Structures are given as structure tokens and as C-alpha cells.
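# Topology and contacts: notes
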Amino acid sequence: TGLLFGTFDELHEGHRAMLREARTFVDHLTVVLPSDDTVTAMKGRAPIQSWEARAEALRSSGLVDTTIEGDREMGTYTVLENVHPDILFVGYDQQELVKDLERYFQTHPTTAIIRTLTPYQPERYKSSILRNV
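Our subject in this report is the structure included herewith. Remember, it's a predicted structure, so these values are computed and weren't measured experimentally.

Definitions and limits used
- Residues numbered from 1 in each chain as written.
- Predicted model: local features only at pLDDT ≥ 70, side-chain atom pairs only at ≥ 80, totals over all residues.
- Heavy atoms only, no water.
- Buried < 20%, exposed > 50% of the residue type's maximum accessible area, 1.4 Å probe, protein only.
- Helix = DSSP H or I, 4+ residues; strand = E, 2+ residues; numbered from the N terminus.
- Pairing = 2+ DSSP bridges.
- Right-handed = clockwise from strand over helix to strand, strands pointing away.
- Salt bridge = Lys/Arg side-chain N within 4 Å of Asp/Glu carboxyl O.

Side-chain alternation along strand β1 (residues 2–5) places Gly2 and Leu4 on one buried face and Leu3 and Phe5 on a second face that is also buried. In the sheet, β1 pairs with strand β2 (residues 29–33) via four bridges, with the strands oriented parallel. Residue pairing for β2: Leu3 is matched across the bridge by Thr30. Read as a crossover between parallel neighbours, the route from β1 over helix α1 (residues 13–23) to β2 is right-handed. Note: β1 against strand β4 (residues 87–90), three bridges, orientation parallel. Looking at β4, one finds that Leu4 is bridged to Phe89.

Now for the pairing of β4. Going residue by residue along β4, you find Ile87 and Phe89 tucked away on one face and Leu88 and Val90 tucked away on the opposite face as well. Sheet topology places β4 next to strand β5 (residues 113–116); four bridges connect them, and they run parallel. By the bridge assignment, Val90 is partnered in β5 with Thr116. Handedness of the crossover joining β4 and β5 through helix α5 (residues 95–107) is recorded here as right-handed.

Turning our eyes to something else, we now look at the pattern of salt bridges. Counted according to the given criterion, the structure contains nine salt bridges. A salt bridge links Asp37 to Arg72; the shortest N-O distance between them is 3.9 Å. Separated by 35 residues along the polypeptide, Asp37 in helix α2 (residues 36–43) and Arg72 in the loop between β3 (66–69) and α4 (78–83) bring together distant segments of the chain. Accessibility classification places Asp37 together with Arg72 in one group, the exposed group. One salt bridge connects Arg59 with Glu56, and the closest N-O pair in it is separated by 3.4 Å. With Arg59 and Glu56 both in helix α3 (residues 51–61) and three residues apart, this pair spans about one turn of that helix. Looking at Arg59, the relative accessible area reads 45%, which means it is partly exposed.

The following block contains the structure:
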């Protein structure tokens, strides 16, 4: 079982490549999508697409088995208690998330491993770049 954290605002080929890579390691892939309010708090701006639109795009991609809403309170990771993943996938640009997960695991031991996914043409397929086009 794999768990992947991400906003996936306006699903693009870089996202799809990341999802395809994650699928090669697990039989079941769950994506944890932050709520619109959480995205605003994390990024300082609202997502372009609503949570429902982002979840539907992921479901329609055929690359995700389950999409769930992330914790309302950042850093609580109750989703880990519910899913019990074998692998936690993170994007290549989510170093802060990795540090936060490692801090969390100091008091909440797990056998899950963290795997950073390979960037796919990041100079072209990165949400912040695509928004500025």
C-alpha cells in the first residue's frame, strides 16, 4: 500500500509521471489531497481547482485507487493511522514534508519507508511554472 501526499492542482504530465512511478512499487495507491483551506495555509494562495475537482481529476486518471482528504490540522498525520501504508511517496520538491514526517516518526514509529519520486521534466512540468505560462 502506498500513500502519496500532494495538491495536484490542475493535473499535468509531471503529476501523471509521478503517479505512474509510484504505481510501480505498490498494488494500491492512495492520494492524500489537502483541503482548499489547507492549501491556502500552506501555499499562501487558494488552489485553482476545488478539492472535488482535484479528486475527480485523479480518479479519472486511472492511476489512483483511492483519494482521501488530508488532515485539517497540519502535522497530525492521522491519515497514517487509518491507511497504514508500506511506502510514503513524496515529490522531489517536498523536502519540508520529508523533514516533518521524520519528526513525526520519532514519536510515532512505523515500518513505512519514505520514497522520493523522480522529477519528470521539472523545467517544463511543474505547477508553479505552468501557472505562469
